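# Working through the structure, step by step
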Amino acid sequence: MTAVAPGAADSGAGTAAGSAAGTSEDLLTETYQAHYRSLLRLAALLLDDLSSCEDVVQEAFIRVHAARRRVREPEKTLAYLRQTVVNLSRSTLRRRILGLRLLQKPMPDMASAEEGAYDALERDQLKAALRGLQRRQREVLVLRYFVDMTEAQVAEALGISLGSVKAYGSRGLAALRVQMEAGHG
């Protein structure tokens, strides 16, 4: 299901006001309602526990809210939020590496064992395989295939060239394929 871009269903008055003075609080509220879960899924692909994911997404909204006047193009609010989630996820991982050893117990994804046990197992394998990739490869693949960003959007979000996005994506997919096949064997 594709979500309507924030402000696309507006009469135009809110969008015009947002353009003049940055992202409006109404647009940020609409973005929160429409995209909170997808941003939480993005964080979940980069981190390994639900509470950290929720913290990262909430902090991203707080930071975007504080800087909303600097967002001159309201349609870029979601892109700014995604980039903030990626950056905050990186910072969270950096702090963990300095303070803790890697945790061996991932958080359960499903409410009950009966609901899609095979899907949960495959999802866990995919997450583990993603964590085994180089950081840039993982970020490119998550943004490209799980967030459905174009290569150009990924390049802009990560601050790298389009060629780098293609290279990291290609190498990441190849490494992911090898890891997933090894997990099924």
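Residues numbered from 1 in each chain as written. Predicted model: local features only at pLDDT ≥ 70, side-chain atom pairs only at ≥ 80, totals over all residues. Heavy atoms only, no water.

### Concerning the packing of helix 2 (residues 25–46) against helix 3 (residues 50–66)
For any two helices packed against each other, one specifies the crossing angle of their axes together with the interaxial distance. Where helix 2 contacts helix 3, the axes come no closer than 10 Å and their chain directions differ by 150°. On the basis of their axis angle, the class for helix 2 and helix 3 is roughly antiparallel. Judged by the twist between their axes, the crossing of helix 2 over helix 3 is right-handed. In contact with E25, L28, T31, Y32, Y36, L39, L40, A43 and A44 of helix 2, helix 3 contributes L50, C53, E54, V56, V57, Q58, F61, V64 and H65. (Axes fitted to C-alpha atoms, helices over the stretch in contact; angles between N-to-C directions. Helix = DSSP H or I, 4+ residues; strand = E, 2+ residues; numbered from the N terminus. Parallel < 35°, antiparallel > 145°, perpendicular 65-115°, else oblique. Left-handed = near helix turned anticlockwise from the far one by under 90°. Contact = heavy atoms within 4.5 Å.)

### So, the packing of helix 2 against helix 6 (residues 135–146)
With their axes 10 Å apart at the nearest point, helix 2 and helix 6 run at an angle of 150° to one another. By the angle between their directions, the pair helix 2 and helix 6 is classed as roughly antiparallel. Handedness of the helix 2/helix 6 crossing: right-handed. Side by side, helix 2 and helix 6 meet where L42, L45 and L46 of the first sit next to R138, E139, V142, L143 and F146 of the second.

### Observations regarding the environment of R72
Looking at the element boundaries, R72 is found in the loop between helix 3 and helix 4 (77–99). A C-alpha to C-alpha distance of 7.0 Å links R72 and T23, two positions 49 residues apart in sequence.

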